[in-house]
Protein chains: 2
Amino acid sequence: MNIAQYIDHTLLRQDATNADVIVLCNEAISHSFASVCVNPCRVPIASKTLADSAVKVCTVTAFPLGATSTVAKLAETKWCLDNGADEIDTVINIGECKAGNWDYVEDELRKVAELVHSYKAILKVIFENCLLDESEIVQACKVSMKAAVDFVKTSTGFSTGGATQEDVKLMVETVAGTCRVKAAGGIRNYDDAVTMINLGADRIGTSGGVAIVAGEERVLGDY
Amino acid sequence: MNIAQYIDHTLLRQDATNADVIVLCNEAISHSFASVCVNPCRVPIASKTLADSAVKVCTVTAFPLGATSTVAKLAETKWCLDNGADEIDTVINIGECKAGNWDYVEDELRKVAELVHSYKAILKVIFENCLLDESEIVQACKVSMKAAVDFVKTSTGFSTGGATQEDVKLMVETVAGTCRVKAAGGIRNYDDAVTMINLGADRIGTSGGVAIVAGEERVLGDY
């Protein structure tokens, strides 16, 4: 497989500067990653740096807690889209998932999805699986499908756990091709990434993209 | 001292529900805390629950990373104010602090402060000191004063470190009464809280408010 095409090359540290993001973008161009994934305030510099490349600009909204108003999620997302974002990874309202208020969760996701799709951009919805039980992950997949999002995503990388094989398998089975799955959080090397892709993940969110492609080169070199 | 009046009774877990926030609010009423501090989506239930009390509704915006656009910070803050928030704790753009782009930081804070003050509400600015060096903390205090914010605040509680005695002392000395200081992050018992107040902190952000007042009762019982 050409693993680079699966990778959202990710830098979400809050102390990252525009200079750091330019380095990230140039790495993404050099390795032909799917996208760079940066915080909203770094979308303009990423968009400018990637203007002549095939690498997409991905950003995160309501990140990493997801615990803001729908109005705020829409406003933040719109600004990112207006400033060059091609892909939005937004965090679900986890408290409403825990409360079983699935109509709220679905309604919010539908509004964000409609906005994102009106820009012909892609929406990925982050669940933060480590805070959900299995039935909640299944239900979150179902409302995400009903809201017509493009991807469901395992984790922010900022909570108590990242992508697990069990959860990726469960998500892939539940969405059954209606949307795609992004695995993120704790994926640091080539073996981790290949495992997730073999389980059905279509995108890998990682800050270890350069190490992952180096790992692929080592493995391919063995043959 | 009456320690309860210093406490922002805090619940920022992303999986907290409205039911959890009602419990928090009732504890705050019972102990006469300064405020409850909740995520934006919990402002309406906090405002409703505290309507007949003196306890203020505090919330957090651009939290905990601070790495979103000024437009998004303003939209999120406005929604919170429209829905009953009395106090806004917003996170500074840490990447711009690291890049030395202090005009950007000051301009953003001024816009947020003007919005917050137009509602006669209070603005606290969170620095995330663990990511800043001493000169950056001093400079962040200076731009906060120029932007006319009401409080500078040590930490989100979501990064690699919380409030330290050294940092609180430095912030109190630098702002020199022009604004107040909130210590938050890792303050879990009565002794921690008293130490910060004796250093000049005017407000304590903690999820341990009930334990802190219980500690005060034990100490006062000694006399």
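For the structure, see preceding data.
Residues numbered from 1 in each chain as written. Chains lettered and ligands numbered in written order. Predicted model: local features only at pLDDT ≥ 70, side-chain atom pairs only at ≥ 80, totals over all residues. Heavy atoms only, no water.

Trainee: Where do I start with the packing of aromatic side chains in this structure?
Mentor: For any pair of aromatic rings, geometry is given as the distance between the ring centres together with the angle between the planes. Summed over the entire model, instances satisfying the criterion amount to two aromatic pairs over all chains. Judged by centre distance (5.2 Å) and plane angle (85 degrees), the ring pair of Phe63(A) and Phe158(A) falls under edge-to-face. Of this pair, Phe63(A) sits in the loop between strand 3 (56–61) and helix 3 (70–82) while Phe158(A) sits in the loop between strand 6 (151–153) and helix 7 (165–175), placing them 95 residues apart in sequence. Accessibility expressed as a relative area gives 9% for Phe63(A), which makes it buried. For Phe158(A), a relative accessible area of 36% translates into the label partly exposed. Just above the ring of Phe151(B) sits the side chain of Lys124(B); from NZ or CZ to the centre is 5.7 Å. (Phe/Tyr/Trp six-rings, centres within 6.5 Å; stacked < 30°, edge-to-face > 60°. Helix = DSSP H or I, 4+ residues; strand = E, 2+ residues; numbered from the N terminus. Buried < 20%, exposed > 50% of the residue type's maximum accessible area, 1.4 Å probe, protein only. Lys NZ or Arg CZ within 6 Å of the ring centre and 35° of its normal.)

Trainee: Before we go on, may I ask you to explain the sheet that holds strand 4 (residues 87–91) of chain A in this structure?
Mentor: Picture the strands of a sheet paired through backbone hydrogen bonds; they go either parallel or antiparallel. All names here are of chain A. An order of 1-2-3-4-5-6-7-8 is seen for the eight strands of this closed barrel, with the pairing classed as parallel. When strand polarity is set aside, the average angle formed by the axes of neighbouring strands in this sheet is 25 degrees. Relative to strand 4, strand 3 runs parallel, the two being bridged by four bridges. Each bridged residue has a counterpart across the sheet, and for Thr61 the counterpart in strand 4 is Thr90. (Pairing = 2+ DSSP bridges. Axes fitted to C-alpha atoms, helices over the stretch in contact; angles between N-to-C directions.)

Trainee: Whenever I open this one, unusual backbone geometry confuses me. Can you help?
Mentor: Glycine aside, negative phi is the norm for most residues, and most peptide bonds take the trans geometry. The step from Phe63(A) to Pro64(A) runs through a cis peptide bond, and the omega angle for that step is 0 degrees. Within the secondary structure layout, Pro64(A) lies in the loop between strand 3 and helix 3. Here the phi dihedral of Ser32(B) falls at roughly 55 degrees; this positive angle occurs in a residue that is not glycine. Topologically, Ser32(B) is positioned in the loop between helix 1 (18–31) and strand 2 (35–38). Positive phi, close to 65 degrees, is recorded for Ala148(B), a residue that is not glycine. Along the polypeptide, Ala148(B) turns up in the loop between helix 6 (134–146) and strand 6 (151–153).

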